Amino acid sequence: QVSDTSTKTYCYHCGEDCEGNEIHFDDKVFCCTGCQTVYEILKGNDMCTFYDLDEVAGLSQKGKTGKFYAFLDEPDVAQKLTEFTDGERTRINLHLPGIHCSSCIWLLENLHKLDEGILQSKVNFLQKELNVSFLEGQTTLRQVVELLDRLGYTPAIQLDSLDRPEKKAVDRKFLYKLGVAGFAFGNVMLLSFPEYLGLDETIDSAYYYWFGYLNILISLPVVFYSARDYFVSAWEGLKLRQLNIDVPISLGIVTLFVRSTWDILSQSGAGYLDSLTGLVFFLLTGRWFQQATYFNISFDRDYKSYFPIAAIRLGKNDEEQAVTLDKLEVGDRILVRNNELIPADGTLVTGKGSIDYSFVSGEAVPVDRKAGDYIYAGGRQTGEAIQLVITRRVSQSYLTQLWNDEAFTKKRELQASGLADQVGKYFTVVILAIAFASLMYWVNKDIDTAINAFTSVLIIACPCAVALSIPFTFGNVLRILGKKQFFLKNTAVIEALAKIDTIVFDKTGTLTISGNADLDYRGRDLSDKEKSLFLTLTVISNHPVSRAISAWLSGVPKLDGVEAAEEIAGKGVRGRIEGQVIRIGSAAFLKEEGLQVLGRAGTFLAIDEQVVGSVQLTNAYRSGLQEVIHYFRDKGELYLLSGDNDAEAERLRPLFGGDYFLRFNQSPTDKLEFVKKLQQEGRHVLMIGDGLNDAGALQQSEVGLVVTEDANNFTPASDGVLKADRFRLLPLFLEFSRKSIYLVYWAYSLAFVYNTIGLSFAVRGALSPVIAAILMPLSSVTIVLFGLLSSTLLARRSKIDKSHS
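Residues numbered from 1 in each chain as written. Predicted model: local features only at pLDDT ≥ 70, side-chain atom pairs only at ≥ 80, totals over all residues. Heavy atoms only, no water.

Novice: I keep staring at the overall build of the protein and nothing clicks. Help me out?
Specialist: What the protein contains, in helices and strands, is 24 helices and 28 strands. A burial count over the protein gives 50% of its 805 residues as buried. Relative to all contacts within the protein whose residues are 6 or more apart in sequence, the contacts with residues 24 or more apart total 68%. Element-wise, carbon and sulfur atoms account for 53% of the exposed surface of the protein, whose accessible area totals about 37,000 Å². (Helix = DSSP H or I, 4+ residues; strand = E, 2+ residues; numbered from the N terminus. Buried < 20%, exposed > 50% of the residue type's maximum accessible area, 1.4 Å probe, protein only. Contact = heavy atoms within 4.5 Å. Areas by Shrake-Rupley, 256 points an atom, 1.4 Å probe, with all protein chains shown as cover.)

Novice: I would appreciate a short explanation of the sheet that holds strand 16 (residues 486-488) in the present structure.
Specialist: Pairing between the strands of a sheet is mediated by backbone hydrogen bonds and can be parallel or antiparallel. Within the open sheet, the seven strands sit side by side as 16-28-27-26-17-24-25. Their pairing is mixed. Where the open sheet ends on each side, the last strands, each with one partner, are strand 16 and strand 25 (662-663). Most of the contacts of helix 19 (residues 625-633) go to strand 17 (residues 502-506), to which it runs at about 150 degrees, and overall it touches strand 17, strand 24 (637-641) and strand 26 (685-689). (Pairing = 2+ DSSP bridges. Axes fitted to C-alpha atoms, helices over the stretch in contact; angles between N-to-C directions.)

Novice: Looking at this structure, how should I read the sheet that holds strand 15 (residues 386-390)?
Specialist: Strand order in this open sheet of six strands is 8-7-9-15-10-13, and the pairing throughout is antiparallel. Looking at strand neighbours, the two that pair on one side only are strand 8 (320-324) and strand 13 (374-375), the edges of this open sheet. Note that strand 9 (residues 333-336) and strand 15 share four bridges and pair antiparallel. From the neighbouring strand, V336 faces strand 15, where its bridge partner is I386.

Novice: Please clarify how helix 16 (residues 528-538) should be interpreted in this entry.
Specialist: Note on helix geometry: an α-helix contains 3.6 residues per turn, so any two residues three or four positions apart are oriented the same way. In terms of residue burial, helix 16 counts as a mostly covered element, since eight of its 11 residues are buried. Within helix 16, burial applies to E530, S532, L533, F534, L535, T536, L537 and T538.

Novice: What is the right way to look at the packing of aromatic side chains in this model?
Specialist: Aromatic rings considered in pairs are described by the distance between their centres and by the relative angle of their planes. For the coordinates displayed, the defined rule picks out 17 aromatic pairs. When the centroid spacing of 6.1 Å and the interplanar angle of 85 degrees are considered together, the rings of F224 and F257 count as edge-to-face. Remark: F257 occurs in helix 8 (residues 246-265) and F224 occurs in helix 6 (residues 205-226); sequence separation between them is 33 residues. You can call F224 exposed: its relative accessible area is 57%. By relative accessible area, which is 13% here, F257 ends up buried. (Phe/Tyr/Trp six-rings, centres within 6.5 Å; stacked < 30°, edge-to-face > 60°.)

Novice: In this structure, what is going on with the pattern of salt bridges? I would like to understand it.
Specialist: Two side chains bearing opposite charge may form a pair once their charged atoms approach each other closely. Enumeration over the complete set of coordinates arrives at 22 salt bridges. The salt bridge partner of D506 is K671, with a shortest N-O separation of 2.9 Å. Of this pair, D506 sits in strand 17 while K671 sits in helix 21 (residues 668-680), and the two are 165 residues apart along the sequence. K671 shares its class with D506; the two are buried. When salt bridges with common partners are traced through the structure, they connect D73, R142 and E146 into a single cluster. (Salt bridge = Lys/Arg side-chain N within 4 Å of Asp/Glu carboxyl O.)

Novice: It is not clear to me how helix 19 should be interpreted in this structure. Could you clarify?
Specialist: Listing the buried residues of helix 19 in full gives L625, V628, I629, Y631 and F632. Looking straight down helix 19, one finds its buried side chains confined to an arc of 160 degrees; they lie on one side. (Arc of directions from axis to C-beta.)

Novice: So what exactly am I meant to see when it comes to the environment of A227 here?
Specialist: Looking at the element boundaries, A227 is found in the loop between helix 6 and helix 7 (228-239). For the pair formed by A227 and L284, sequence separation is 57 residues and the distance between their alpha carbons is 8.5 Å. Every residue in contact with A227, bar those within four places of it in the chain, is listed here: V222, I253 and V280.

Right under this line is the structure:
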């Protein structure tokens, strides 16, 4: 039942519903103490302009726990995160996923008002990065990061941040090649204008021929520098006895250059150098368009992207020392606090473990561990602080072994366009056949006409459409999908999606909403006072069930406090509130407390000596799940692989078509082997998952898609990333990408018309330089415009541009 929105109160800082737990301060309402703290910081520094710039300016601090940043005091860590320092001034660059509006920019660029040691801070909004310069003597890297964390802009600092090279949208050398081609194209076109306008070579012969010589000089770096990659690719393909798309492109470039140079030097014509430089420029522009679209999304991840940078190592006298993970050795004793990640395999020596392995195994329910038990890396402690003795180094732990499978080391073949190469192979054979047929036909009649026909066929039929249509059409498709939070790795993924005949889903975090389970209560009706008692007790626990109960009872007020509160990890919580003993926990826990427990399994609620009811959590599935499943069932066989137990089998069986298509209790290795088995049967597999337990299967499959709550957070290596709130739109996105392939076919048809017209002149030896100079650039421009406009129009007709979560 949805409550009336008119009764809701909203946080002054972040704009979220306070859910009955509002905090009143300074005549304003806040949803949590974190939001209140940020407001106090801003007010204390006369920076409340922050709230005037945007309706929902702040980030929610609800449920946010302070992070431990002592490791940033380590010189080795600080050095690797520092861009520049002269001992006095230091500059750092931090990735802040939380940047979202103009208020964020204003606040982050005024950090000097909050810390006098900060000299300057500049925001790169598109890349969500903050560049900070500060004085070493007045503040430190750690203090800057802690300030950002308190403000709600927690920097994304993982282990791979220490080793990751700077990421560029496009390689600098490639930009040089593009720049050279663009410069040459513009100048050759300029020098060719007199010819276009009818300059009489007999009257103005000096200008006519000197313009030609200059064009040769300007074109040399285009052929031998800008176009070099096409020659290398063509040669590598020929060595493997393969005719890839770069073979006819290279033939066209060489023929254009040789024929043009001969015409100009022999003073028999103006050549085709404007067409040559224009072709290379358009080819490189298409490649740039494709590469620059999604450079900010990292699709190739390893375990370092998931791990934090440091851990707390305990000395002989239990003194705490923050060390980077690469310095942890076997036998070291480490401290893991509530909600912290376990960085390496080890044995539990102190404390009671409640380990959430959901991101590694897919199992949503935390598992209890006691002293002496073995604990694997990648889990997250959800209870009291524990101590572990490391038995394997980070690089040798169970989690990192997921990347040792051949699925992670095999070379991916999705970089080049198979469609373009396939068309290019037949295109090359046909064009060469026509060229040599023209040569043989004319050679006995007129040797000049024979050479002219042969070279003209190769020039006019250069496969610009094949080369340009895919990067511009598919590149625009990637851009459109990216605006809707569906990011594909490259254009080849679009082609691979069209061949899919088998779809494999993960469950936890993919079909279900992480951290959002439905609560089913059974028992007698609770009064508002009793609800307040249980709600008040849940505040001492961070267990998922306690959080779910707290959310369920959010409509009632909390009481003043809990006396003698205690949480028994893995069992339950108890405390005295207003003279009554309140307990929440398992059946075993309540029996140990001397209470009689009857009925079904679950988590039980008790007041004094009486059990009043029980709750069970059931997964909350994503909006539109049924429509998504039905869409994929029409496309091929559909399977579910889950690391969780089969508690949800009855609910999922009708969707997937029976028990045969459901696999529960699957380890990461089981998922990987299942995908391999399908491929051995000749299937083309699409794997859709979300966590490390899916990483091997995602890599092994023809296409791996990751569903993530935040596209900036960690995702396993994949071919695509889908923002979780767009899950129900997945069929719409995939249909759009599938139909875009037909646009390429239409572009090929359009190019076929051009080539037919041009070849009809070429084979007769009647193709003049002016016609070729006009026809080739016009063909290239037409293909580029067709690709961009047709894909944009298709998005509108598919309602992609109007889709929203």
